Amino acid sequence: LDATDLLALGSSSSTLHKLTQEDVFWRALCLQKLPLTSLRHCMNFRSALMSQNAISSKKHAQRRHAAELSSWNVQRHKLEEARTAHANNSVYWTIARHRLYRTRVGNTIRSPQFVVRGIRGHLEFSPKGDCNSAQCGLWIHVINSRGVEMWADIYIGRQSGQSLSNFWGKDKQTKEGWGIPDAGPYYGNHGTDLVIQVDFKSLERHGDTQFCRIVS
């Protein structure tokens, strides 16, 4: 119980009321709740305790407000992220030239994860092809790809666009990508960073029901 609670109880009990009038009572409470250094020159223990309770209540309210504000900001960020993710139609991936140079024949560079129309995935680029081809390759990987239909235009550097389409049926492996193994020239000694652009004309999961939730 804090000082305010004790005073409220004192108004309903004569014994407690008498007790709350005694400075010895408030001094004992102060010694339990406050540091001794703050009581060295104290002349009114009741006021000191009530002041401390007021400060504690204010700090508690500030912490609660900060927590509520933080929670609201997190929710707002998630909603904005979800809105943006569903609105995205294109992916722009910039690959630093030193990564192109260092990647060996037969190896690929994996992009960070993207979200397009609510579906997550990543790109893989082979700048030097493999032992059977001296051309670069690009693949699109969709997370949990079963039932996903895709149609996209791909632009690698300054090349003309190439179309790519695929449907991952129920019998497909969820980690299986789809792409173009001979998508363009060898990029082993590229003089600048390389930009890959993928414009998704369609990317949707068959069987998913899309809801627009409204409340009034």
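Predicted, not measured: the structure shown is a model, and the values here were computed from it.

Visitor: Any details on the packing of aromatic side chains? Residues and values, ideally.
Guide: Throughout the structure, instances matching the rule amount to 2 aromatic pairs. Consider the rings of Phe114 and Phe200, whose centres lie 5.8 Å apart with planes at 40°: the pair is tilted. With Phe114 in strand β3 (residues 114-116) and Phe200 in strand β9 (residues 194-205), the pair connects residues that are 86 residues apart, well separated along the chain. Residue classification places Phe114 among the buried residues on the basis of a relative accessible area of 8%. The positively charged end of Lys128 is found above the aromatic ring belonging to Tyr101, 5.8 Å away from the centroid.

Visitor: How would you explain the pattern of salt bridges if you had to name every residue and give the values?
Guide: Enumeration according to the criterion identifies 1 salt bridge in this entry. Across the pair Lys201 and Asp153 runs a salt bridge whose closest N-O atoms are separated by 3.8 Å. In this pair, Lys201 is assigned in strand β9 and Asp153 in strand β6 (residues 148-156), connecting sequence segments 48 residues apart. A relative accessible area of 42% places Lys201 in the partly exposed class. Accessibility expressed as a relative area gives 14% for Asp153, which makes it buried.

Visitor: Residue-level account of the environment of Asn44, with values.
Guide: Checked against the element boundaries, Asn44 lands in the loop between α3 (23-33) and α4 (45-87). Residue Asn44 is classed as partly exposed on the basis of its relative accessible area, which comes to 39%. The sequence separation of Asn44 and Arg27 amounts to 17 residues, and the corresponding C-alpha distance is 8.5 Å.

Conventions used here
Residues numbered from 1 in each chain as written. Predicted model: local features only at pLDDT ≥ 70, side-chain atom pairs only at ≥ 80, totals over all residues. Heavy atoms only, no water. Phe/Tyr/Trp six-rings, centres within 6.5 Å; stacked < 30°, edge-to-face > 60°. Helix = DSSP H or I, 4+ residues; strand = E, 2+ residues; numbered from the N terminus. Buried < 20%, exposed > 50% of the residue type's maximum accessible area, 1.4 Å probe, protein only. Lys NZ or Arg CZ within 6 Å of the ring centre and 35° of its normal. Salt bridge = Lys/Arg side-chain N within 4 Å of Asp/Glu carboxyl O.

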